[in-house]
Amino acid sequence: VVRAAEFVAITTTAGEAASSPLLLSPSHYLYVGGALAAASSVRPGDALTDGAGAPLTVASVSVVTRTGVFAPHTLHGDLVVNGVRVSTYTRAVHPAVAHALLAPLRPLC
């Protein structure tokens, strides 16, 4: 079902260039300072991680309304979106529990 929802829009700086905004639900996790944190907790100046493991600095954070909600899952629980390493998990289920619940499906991939 496609619907409008609030997203946290995060832009980062890599050198002097600003990134395209990363849009996440407020409860989606990403890596902040190397640890999982909800998107709603991200602040300008925080350190995120790119797909290669290099640091990115948060330039701005805002809340926007957009249409479409997606929650992809990967075998290991991480993916890279707009150049930023994020988790496929949310605060709905603790990441360790969600990862364990999805374990029986991994052999099917």
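Computed from a predicted model, the values in this text were never measured in an experiment.

K.L.:
So what exactly am I meant to see when it comes to the overall build of the protein here?
P.N.:
When helices and strands are tallied, the protein shows one helix and nine strands. Put simply, the protein runs from its N terminus to its C terminus through helices and strands in the order β-β-β-β-β-β-β-β-β-α. Here the protein, with 109 residues, has 33% of them falling under the buried criterion. Excluding contacts between residues fewer than 6 apart, the proportion of contacts in the protein whose partners are at least 24 apart in sequence is 51%. Carbon and sulfur atoms provide 61% of the accessible area of the protein, an area that totals close to 6,400 Å².

K.L.:
In this structure, what is going on with the nonpolar core? I would like to understand it.
P.N.:
Across soluble globular proteins, nonpolar side chains have a tendency to be buried as a group. Of all hydrophobic cores here, the largest spans 14 residues; its most connected members are Ile10, Leu22, Leu24, Leu30, Leu48 and Val84. Residue assignment for this core shows that the elements contributing at least two residues are β1 (4-14), β3 (22-24), β4 (28-32), β7 (55-67) and β9 (84-90). Ignoring sequence-local partners within four residues, the contact set of Leu24 consists of Phe7, Val8, Ile10, Leu30, Ala39 and Val86.

K.L.:
In this structure, what is going on with the environment of Val81? I would like to understand it.
P.N.:
Within the fold, Val81 resides in strand β8 (residues 78-81). For the pair formed by Val81 and Pro21, sequence separation is 60 residues and the distance between their alpha carbons is 9.8 Å. Once residues within four sequence positions are removed from consideration, Val81 is found in contact with Leu22 and Val86.

K.L.:
Please clarify how the sheet that holds β4 should be interpreted in this entry.
P.N.:
Ordered by their spatial adjacency, four strands build an open sheet running β5-β4-β9-β8, and the pairing between neighbours is antiparallel. The sheet terminates laterally at β5 (35-38) and β8, the two strands that pair on one side only. Direction aside, the axes of adjacent strands within the sheet are offset by 45 degrees on average. Bridge count for β4 against β9 is two bridges, and the pairing is antiparallel. Each bridged residue has a counterpart across the sheet, and for His28 the counterpart in β9 is Thr90.

K.L.:
So what exactly am I meant to see when it comes to the packing of aromatic side chains here?
P.N.:
Centre distance and the angle of the planes are the two values used to describe a pair of aromatic rings. Applying the stated criterion to the full structure yields zero aromatic pairs. Over the aromatic face of Tyr31 sits the side chain of Arg85, whose NZ or CZ is 3.8 Å from the ring centroid.

K.L.:
Honestly, the pattern of salt bridges in this entry has me stumped. Any pointers?
P.N.:
Two side chains carrying opposite charge are able to pair once their charged atoms lie near each other. Using the criterion set out here, one finds one salt bridge in the structure. With its nearest N and O atoms 2.8 Å apart, the salt bridge here joins Arg85 to Asp78.

Cut-offs and rules
- Residues numbered from 1 in each chain as written.
- Predicted model: local features only at pLDDT ≥ 70, side-chain atom pairs only at ≥ 80, totals over all residues.
- Heavy atoms only, no water.
- Helix = DSSP H or I, 4+ residues; strand = E, 2+ residues; numbered from the N terminus.
- Buried < 20%, exposed > 50% of the residue type's maximum accessible area, 1.4 Å probe, protein only.
- Contact = heavy atoms within 4.5 Å.
- Areas by Shrake-Rupley, 256 points an atom, 1.4 Å probe, with all protein chains shown as cover.
- Core = buried A, V, L, I, M, F, W, Y, C linked by side-chain atoms within 4.5 Å.
- Pairing = 2+ DSSP bridges.
- Axes fitted to C-alpha atoms, helices over the stretch in contact; angles between N-to-C directions.
- Phe/Tyr/Trp six-rings, centres within 6.5 Å; stacked < 30°, edge-to-face > 60°.
- Lys NZ or Arg CZ within 6 Å of the ring centre and 35° of its normal.
- Salt bridge = Lys/Arg side-chain N within 4 Å of Asp/Glu carboxyl O.

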